[in-house]
Every structure is written in C-alpha cells, then in structure tokens.
Amino acid sequence: MKILVSAMEASSNVHLKELKKYLSSDVEFVGVFDKELGNPLYDLTSLAIMGFVDALKKLRFFFRLRDELVSLAKDCDKVLLLDSSGFNLPLAKKLRQTYPNKEIIYYILPQAWAWKKGRVKVLEATCSKLCSILPFESEIYSDKNKISYVGHPLLDEIKEFKKELSNSGKIVFMPGSRKTEIKNLMPIFKELIKKIPNKEYVLVIPQKFDDEYIKKTYGDIQEFTISKNAHEALISAEYAFICSGTATLEAALIGTPFTLAYIAKKLDFFIGKTFVKLNYVGLANIFFEKMGKEQLHSEFLQENVNINNLLDDYNSFNKEKFFENSKLLRAYLKYGSSSNVAKIIEN
C-alpha cells in the first residue's frame, strides 16, 4: 500500500514513527515526513515555520508544495494528513476536488474547538476519517461516523511514568525547538539557575540540532548537563521549566512537576489572543478544565516570564497534589492511539 503523507511538524513525525510500527511492512510513505521514514520530497528543516509572519514569507513555496503533493496522490492508495492545519486543510480541499473517491485520513486534528470552528465543516466535507486524540473533540462534529477518539499518541511514546515524586536534585529546562522560543527563554533560564543553587541543571536539546546550531542558538550552556532524550530527562527530574507545547503534556503525564513559560513574537501573541478563546495555553490545563477540575500547573506568558515569577512558582508549587492529578490525566486519555490509527488506515 502506498500512502501520501503530509507531516510537517517535528512532533507529528514522532507520532508517525510510532504509528509505522503498527503498519504492515509493505506500507510505503510518499510526500512530506522525516527522512528516517523513507524518501520525502523535502527535508523537514526547510519547512519549519514560527508563527503567522514566518508563514506569510513562505506562502509561494507552500502553494507549490501543495500542488506537488496533489500530483503525487494520483498513484497513492490513501492519504494521511497530520496536524499543520494551515497547510493540510487547503491540501485536503484540493485533494478532494481532484480525487473525489480518494480516502483521506486526518490524524491529530486542527484545534477547531479552540478557534475557527468553521473548519469542522471543511474537515467533514473533505476527509473520510477523522482521528481525534482529544476525548472531548468529537462534541463539535455533526458526522459522528467520520470522527472517533483513537487515544493519545503520548501514551504510546512514553515508556515509563513516575511511581513517586523524585528528589534527584535534577531540574530540567526545555526552551522549545524553534529558534525564537530558545533565544527568548535561554537568557532567563541562565539567570534562574543562579537562584536555585546546588542542583543539576539538565537542558533538553532536540536530537536534530548539530553542534554549530546549538552554539549559535543557545549560547554558553556550560552550566547545563545536556540531554537529547526528553522522556528520560523528565523521568529523572524533580522539577522542570518548559516552553508551551507537547512537552508540557509529556511532563504532566509522566508526573514531573513543572512551570510553563512562553514568550511569542508580539504580533503572533496578539493575533492568537484575539482569535483563540481559551483560558489556558497548556494542554494539561485545557484537559483539566474540560474534566471540571482546577488548573493543574502554572502558566507564565510574555512579560510575565521573569525570574521572580518562575522562582516563586518553583518554591510554592504543590508537588504532591500535582502528582496525584497526573494519574487522573492518564486515566482521562485512556490509551495510546497508534494501533487504532493503523487499523483505520489498513481497514
């Protein structure tokens, strides 16, 4: 079976790698994905974008890429789209127009529940199957035959959860994977460790970054122990400071107490604040709100990301309560998604 894949985010490809373990050996990927999974059209690093402004700069390239993928789909049995709604939704429209009978599966759906609920109609009109990784997501869809909760991929990918709170003396710092995120947070993290003495400061850096890029982007990091394995670092840590994103949900599921700190470009933050009507940024907090429970962890955004706020949160955080709540979060998400999505693809 040949599948056209559009997986443009690093996190999507982590989920795609886990999914491939459950697919038959004769399944072949074509399109956009991590080179470890086959022979993609483009290297993922050339596709990375950060916010609305960056996306506008690369608009012409993405139109060309969309047309290339539509052409490739002609010889493919099915289509698998992962996340990246800004690109994948227009791609789904074009694919449906070109191939009315082609099966299109969307895994890790656009966050229509957060903003742009009109996307629900587009998804239902263009896609054959909608694989939701959020238990509450199906509420906003009218076609219940198309959408199903398949579980959450992190419950496949995280191999170990904390059995008890750690006193390891290790504090993990995860400033994100995008250059802007890293450059915004690293100066604050470097000052923060001076206020938390006698600890081991573990800096998690994505595996794809080479030494030259690390030196240029992170600056002087000699005070940190470097880790290329987020799950391993979080398991052994007693606390963490994490940029917004999937990593915050990883920490919450593993059971590592943490503080969320995020600084976006001012224009991107303004646009997001205007259109996204959510009380929280962190996925774990969003889930807990849907469960009718109080906030799981603290969130500091933009100018509120400063040494005093982060230090106060670290010193006052109720770690025992957080740890018990992390078990409730795992129970809420139930199970991993990879095997269920593989069954849908091969059905």
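Please refer to the structure higher up on the page.
About the thresholds
- Residues numbered from 1 in each chain as written.
- Predicted model: local features only at pLDDT ≥ 70, side-chain atom pairs only at ≥ 80, totals over all residues.
- Heavy atoms only, no water.
- Helix = DSSP H or I, 4+ residues; strand = E, 2+ residues; numbered from the N terminus.
- Buried < 20%, exposed > 50% of the residue type's maximum accessible area, 1.4 Å probe, protein only.
- Contact = heavy atoms within 4.5 Å.
- Areas by Shrake-Rupley, 256 points an atom, 1.4 Å probe, with all protein chains shown as cover.
- Lys, Arg positive; Asp, Glu negative; His and termini not counted.
- Charge placed at Lys NZ, Arg CZ, Asp CG, Glu CD.
- Salt bridge = Lys/Arg side-chain N within 4 Å of Asp/Glu carboxyl O.
- Polar contact = N/O pair within 3.5 Å; in protein donor to acceptor, adjacent residues only side chain to side chain.
- Pairing = 2+ DSSP bridges.
- Axes fitted to C-alpha atoms, helices over the stretch in contact; angles between N-to-C directions.
- Right-handed = clockwise from strand over helix to strand, strands pointing away.

**Student:** Would you mind going over the overall build of the protein with me for this structure?
**Tutor:** Of regular secondary structure, the protein possesses 15 helices and twelve strands. In terms of overall dimensions, the protein has C-alpha extents of about 60 × 45 × 40 Å along its principal axes. By the burial criterion, 53% of the 347 residues in the protein qualify as buried. Summarising the internal contacts of the protein: among those between residues at least 6 apart in sequence, 68% fall at separations of at least 24. Carbon and sulfur atoms make up 49% of the accessible area of the protein, which totals about 16500 Å². Side chains of the protein carry 50 positive and 43 negative charges; the gap between the two charge centres is 5 Å.

**Student:** So what exactly am I meant to see when it comes to the side chain of Lys146 here?
**Tutor:** Tracing the chain through its elements places Lys146 in the loop between strand 5 (129-132) and strand 6 (147-149). This buried residue, Lys146, is left without a salt bridge; Asp143 holds the nearest opposite charge, at 4.6 Å. There is a polar contact of 2.3 Å between the side chain of Lys146 and the backbone oxygen of Glu124. Ignoring any residue separated from it by four or fewer positions in sequence, one finds Lys146 in contact with Glu124, Cys127, Ser128, Lys129 and Leu130.

**Student:** Explanation requested: the environment of Thr246 in the structure shown.
**Tutor:** As for its position among the elements, Thr246 is in helix 10 (residues 246-254). You can call Thr246 partly exposed: its relative accessible area is 29%. The sequence separation of Thr246 and Asn308 amounts to 62 residues, and the corresponding C-alpha distance is 25 Å. Leaving out residues up to four positions away in the same chain, Thr246 has contacts with Ser11 and Leu154.

**Student:** How do you make sense of the sheet that holds strand 3 (residues 78-82) when you look at a structure like this?
**Tutor:** In sheet architecture, strand pairing relies on hydrogen bonds along the backbone and comes in two forms, parallel and antiparallel. One open sheet accounts for six strands, arranged 2-1-3-4-5-6; its pairing is parallel. Two strands in the sheet have a free side with no partner beyond their single neighbour: strand 2 (28-32) and strand 6. This sheet shows a mean twist of 20 degrees between the axes of neighbouring strands, independent of strand direction. Sheet topology note: the strand 3/strand 4 (residues 103-107) ladder contains five bridges and is parallel. By the bridge assignment for strand 4, Leu81 is matched with Tyr106.

**Student:** Any chance you could explain the pairing of strand 8 (residues 200-204) here in plain terms?
**Tutor:** Put simply, side chains in a regular strand alternate between the two faces of the sheet. Strand 8 sits mainly inside the fold: four of its five residues count as buried. Both strand 7 (residues 170-174) and strand 8 contribute to a ladder of four bridges, which runs parallel. Counted as the bridge partner of Lys170 is Glu200 from strand 8. A crossover links strand 7 with its parallel partner strand 8, the connecting element being helix 7 (residues 179-195), and its sense is right-handed. Here strand 8 pairs with strand 9 (residues 225-227) via three bridges, running parallel. Bridge assignment links Val202 to a residue of strand 9, and that residue is Thr225. The handedness of the strand 8 to strand 9 crossover, carried by helix 8 (residues 211-218), is right-handed.

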